[in-house]
Amino acid sequence: MTLTSCRARETCLNCAVTPSKWYVSHTLRTLALVGYLFVGEQTFAAEPAIYDEAQVPTYTLPDPLVMADGRPVTSAGMWRDDRRPEVLRIFEEQVYGKSPPAPKELAFNVIEVDSNALGGIATRKQIELVIWQGSRAVRVNVLAYLPNARQKPAPVFVGLNFGGNQTVHNDPAILVTSAWVRSFKKDDSGVVDNRATEASRGAQASRWPIEMIVKRGYALVTAYYGEIDPDFDDGFANGVHALYADQPRQADSWGAIAAWAWGLSRIADFLEFDRAFDAKRIAVIGHSRLGKAALWAGATDPRFAMVVSNNSGCGGAALSKRRFGESVAIINKSFPHWFCQNFRAYDDHEDQLPVDQHELLAL
């Protein structure tokens, strides 16, 4: 992998698609999601969701400490060398999909550094992370706050956000994302406007206690998940998936959750590159679908020393075989771009899954 601090190349994939064409072309997909939210999850499921504990069918969970051939795991070394890779491979093939290796070229372009941020307690860094694959590139804006009171490299909380970096704090210097963002607002012509605006600045600040984190000696690093891979079913034509468009998609090719996790690993590459961060103490965090991504990032990348996943649900920390609430069928129908195609074989057939989410936590 080649890491550089600045690189000028041709227009990247994200920039090559003009916002107006992108927003209009995906209006129907946005409206389809709105329909799902208002019609209800049971519309798409062959079997309705179960919310009564008494109706949960009997289920059997696979033993994380038994190899596929029946041999018991008898030591930590056997788990590390034999069983863990086996479980990871099954999750890759049947649930999240196989991600590509780390790119050979990454560029970290410094956009801005302010050592007097947040009233002087923090240094704010805004970095353009450029992920290259041949002549194609995806650009992700990374926002970081480092504690000024700390003399040594700072341990890090890193997590993706839902609406753009400008939503995590009302700091006026944070760049507003130019990527597609989910919105139900319509412009004067009646088209859903998927552009972020100043009105979104600080909209999610209550969920990002940045001052508290910094005052306790930690760094906070975030990026907008839609800049890594847009969260709609676009046939994997945008974001980091498009970097590998010359490789035909297979039934076990990576979905969006794997792409977001892969993007978190690229942020970890930056944290290793910038010595202001303690890259041996990185906690990856996430909520809901981004909680799923945080768990998968923690499972696939040992550089994440801790995972804090909140409300990750089906495909996250919730058991699939325990048919309660959102099911595999519901989530696959509602969000067909999140997982690999093989995962659809377990719609209403969770009992046939060779793994379950307690094994994801074991990873």
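Enquirer: What exactly am I supposed to notice about the overall build of the protein chain here?
Expert: Counting its regular elements, the protein chain contains 10 helices and 8 strands. Looking at the protein chain as a whole, 52% of its 363 residues qualify as buried. If you take every contact in the protein chain between residues at least 6 apart in sequence, the share linking residues at least 24 apart comes to 69%.

Enquirer: For this particular structure, what's the right way to read the packing of aromatic side chains?
Expert: Each aromatic ring pair is described using two quantities: the centre-to-centre distance and the angle formed by the ring planes. In total, this model carries 18 aromatic pairs according to the counting rule given. Summarising the aromatic geometry, the rings of Tyr-244 and Trp-262 are spaced 6.2 Å apart at their centres and angled 85° between planes, so their arrangement reads as edge-to-face. Here Trp-262 lies in helix H7 (residues 256–273) and Tyr-244 lies in the loop between helix H6 (225–228) and H7, a separation of 18 residues in the sequence. Considered together, Tyr-244 and Trp-262 belong to a single accessibility category, that of buried residues. Through successive ring pairs, a cluster of aromatic residues spans Phe-91, Tyr-96, Trp-296, Phe-339 and Phe-343. Geometry around Phe-236 places Arg-249 over its ring, the cationic atom sitting 3.6 Å from the centre.

Enquirer: What exactly am I supposed to notice about the packing of helix H4 (residues 76–96) against helix H8 (residues 289–300) here?
Expert: The packing of two helices is summarised by the inter-axis angle and the distance between the axes. Packing of H4 against H8 brings their axes to within 11 Å, and their N-to-C directions diverge by 140°. Here H8 runs oblique to H4, going by the angle between their axes. Viewed along their axes, H4 and H8 form a crossing whose handedness is left-handed. Across from Arg-84, Leu-88, Phe-91, Glu-92 and Tyr-96 in H4, the residues of H8 making contact are Trp-296, Gly-298, Ala-299 and Thr-300. By residue class, the composition of the contact of H4 with H8 is 5 nonpolar, 2 polar and 2 charged.

Enquirer: Is there a simple way to explain the packing of H7 against H8 in this structure?
Expert: Where H7 contacts H8, the two axes come as close as 8 Å, and the packing angle between them is 60°. Relative to H8, H7 is oriented oblique. Our pair here, H7 against H8, has a crossing hand that is right-handed. Between H7 and H8, the contacting residues are Ile-257, Ala-258, Trp-260, Ala-261 and Leu-264 on the first element and Arg-289, Leu-290, Lys-292, Ala-293, Ala-294, Trp-296 and Ala-297 on the second.

Enquirer: Whenever I open this one, the layout of surface pockets confuses me. Can you help?
Expert: Gaps between atoms show up when a probe of the same size as a water molecule is rolled over them. Of the volumes computed, that of the largest pocket is approximately 1100 Å³. Around the largest pocket, the lining comprises 41 residues; the ones closest to its centre are Asn-161, Phe-162, Gly-163, Gln-204 and Arg-207. Considering each element in turn, the lining of the largest pocket owes the most residues, 4 residues, to strand E5 (residues 154–161). Per-class residue counts for the lining of the largest pocket are 22 nonpolar, 12 polar and 7 charged.

Enquirer: Help me out: how do you make sense of the side chain of Arg-139 in this one?
Expert: If you trace the backbone, Arg-139 turns up in strand E4 (residues 136–147). Reaching out from Arg-139, the side chain makes a polar contact with the side chain of Glu-128 at a distance of 3.3 Å.

Enquirer: I would appreciate a short explanation of H8 in the present structure.
Expert: An α-helical turn contains 3.6 residues, so a residue and the one three or four places further along point in the same direction. With 12 residues, H8 ought to run about 16 Å at 1.5 Å a step, and its terminal C-alpha atoms sit 17 Å apart, in line with that. Burial of H8 is extensive: 11 of the 12 residues sit out of reach of the surface.

Enquirer: It is not clear to me how the pairing of strand E3 (residues 122–133) should be interpreted in this structure. Could you clarify?
Expert: When you tally the buried positions in E3, you get 11 out of 12 residues, the bulk of the element. Of the strand pairs in this sheet, strand E2 (residues 105–117) and E3 are connected by 10 bridges, and their pairing is antiparallel. Within E3, the position partnered with Leu-106 by the bridge is Ile-131. Counted between consecutive antiparallel strands, the loop separating E2 from E3 contains 4 residues, among which Leu-118 sits at a positive phi close to 55°. The pairing of E3 with E4 spans 12 bridges and is classified as antiparallel. Bridging from a neighbouring strand, Val-130 pairs with Arg-139 of E4.

Enquirer: Before we go on, may I ask you to explain the pattern of salt bridges in this structure?
Expert: Think of it this way: side chains of opposite charge can pair up when their charged atoms draw near. In the structure shown here, the tally under the stated rule is 25 salt bridges. In this structure, the salt-bridge partner of Arg-322 is Glu-53, at a minimum N-O distance of 2.6 Å. With Arg-322 in the loop between strand E8 (304–310) and helix H9 (328–334) and Glu-53 in the loop between helix H3 (27–39) and H4, the pair connects residues that are 269 residues apart, well separated along the chain. What makes Arg-322 partly exposed here is its relative accessible area of 24%. Here Asp-269 ties to Arg-266 by a salt bridge, and the two come within 2.7 Å at their closest N and O atoms. You can see Asp-269 and its partner Arg-266 sitting in helix H7, 3 residues apart, about one turn around the helix.

Enquirer: How should the confidence of the model for the protein chain be read in this particular structure?
Expert: Detailed conclusions should not be drawn from predicted coordinates in areas where pLDDT is low. Averaged over every residue, the pLDDT of the protein chain is 89; the share at 70 or more is 87%. Across residues 5–45 the pLDDT falls below 50, and counting only partners more than four positions away or on other chains, this stretch makes 78 contacts in the model.

Enquirer: How should I be thinking about unusual backbone geometry in this particular structure?
Expert: If a residue is not glycine, its phi is most likely negative; likewise, a peptide bond is most likely trans. Positive phi outside glycine occurs at Leu-118, with the angle close to 55°. The class of Leu-118 is buried, set by a relative accessible area of 17%. In this structure, Asn-311 takes a positive phi of about 50° despite not being glycine. Summarising the element assignment, Asn-311 is placed in the loop between E8 and H9.

What counts and how
Residue positions are given per chain, counting from 1 as you read along its sequence in written order. Selection of residues for local features in this predicted model requires a pLDDT of at least 70, selection of side-chain atom pairs for listing and counting requires 80 or more, and totals for whole chains, interfaces and linings are taken over all residues. In computing side-chain properties, one takes all heavy atoms of the structure into account and sets aside hydrogens as well as water. Strands are runs of DSSP state E lasting at least 2 residues, helices are runs of H or I lasting at least 4, and numbering of each runs from the N terminus. Classification of residues uses two cut-offs on accessible area relative to the type maximum, computed with a 1.4 Å probe and protein chains only: under 20% is buried, over 50% is exposed, and between them is partly exposed. In what follows, a contact means two residues having at least one pair of non-hydrogen atoms within 4.5 Å. Two rings from Phe, Tyr or Trp (for Trp, the six-membered ring) form a pair when their centres sit within 6.5 Å of each other. Planes less than 30 degrees apart are called stacked, planes more than 60 degrees apart edge-to-face, and all others tilted. Any Lys NZ or Arg CZ that is within 6 Å of a ring centre and within 35 degrees of that ring's normal is treated as a charge sitting over the ring. Convention adopted: a line fitted to C-alpha atoms gives each axis, helices being fitted over their contacting stretch, and angles between N-to-C directions are expressed from 0 to 180 degrees. Convention used here: angles under 35 degrees read as roughly parallel, angles over 145 as roughly antiparallel, angles from 65 to 115 as roughly perpendicular, and any remaining angle as oblique. In a left-handed crossing the near helix is turned counterclockwise from the far helix by less than a right angle, and in a right-handed crossing that turn is clockwise. Polar here means any residue other than Ala, Val, Leu, Ile, Met, Phe, Trp, Tyr, Cys and Pro, which are nonpolar, and Asp, Glu, Lys and Arg, which are charged; Gly is therefore polar. Cavity and pocket criteria rest on a 1 Å grid covering protein atoms alone: a 1.4 Å probe that fits but cannot get out defines a cavity, protein on both sides within 12 Å along at least 5 of 7 lines defines an open pocket, and an atom within 4 Å of a point defines a lining residue. Grid points are joined across faces, edges and corners, and a volume is the space filled by probe spheres set on the points. What qualifies as a polar contact is a pair of N or O atoms within 3.5 Å, subject to a donor-acceptor requirement within protein and to the restriction that residues adjacent in sequence count only when both atoms come from side chains. What a helix should span is 1.5 Å times the count of its residues minus one. Criterion used throughout: strands pair if DSSP finds at least two bridges between them. Only one rule defines a salt bridge in this text: a Lys or Arg side-chain nitrogen within 4 Å of an Asp or Glu carboxyl oxygen. Residue-level confidence of the predictor, termed pLDDT, takes values from 0 up to 100.

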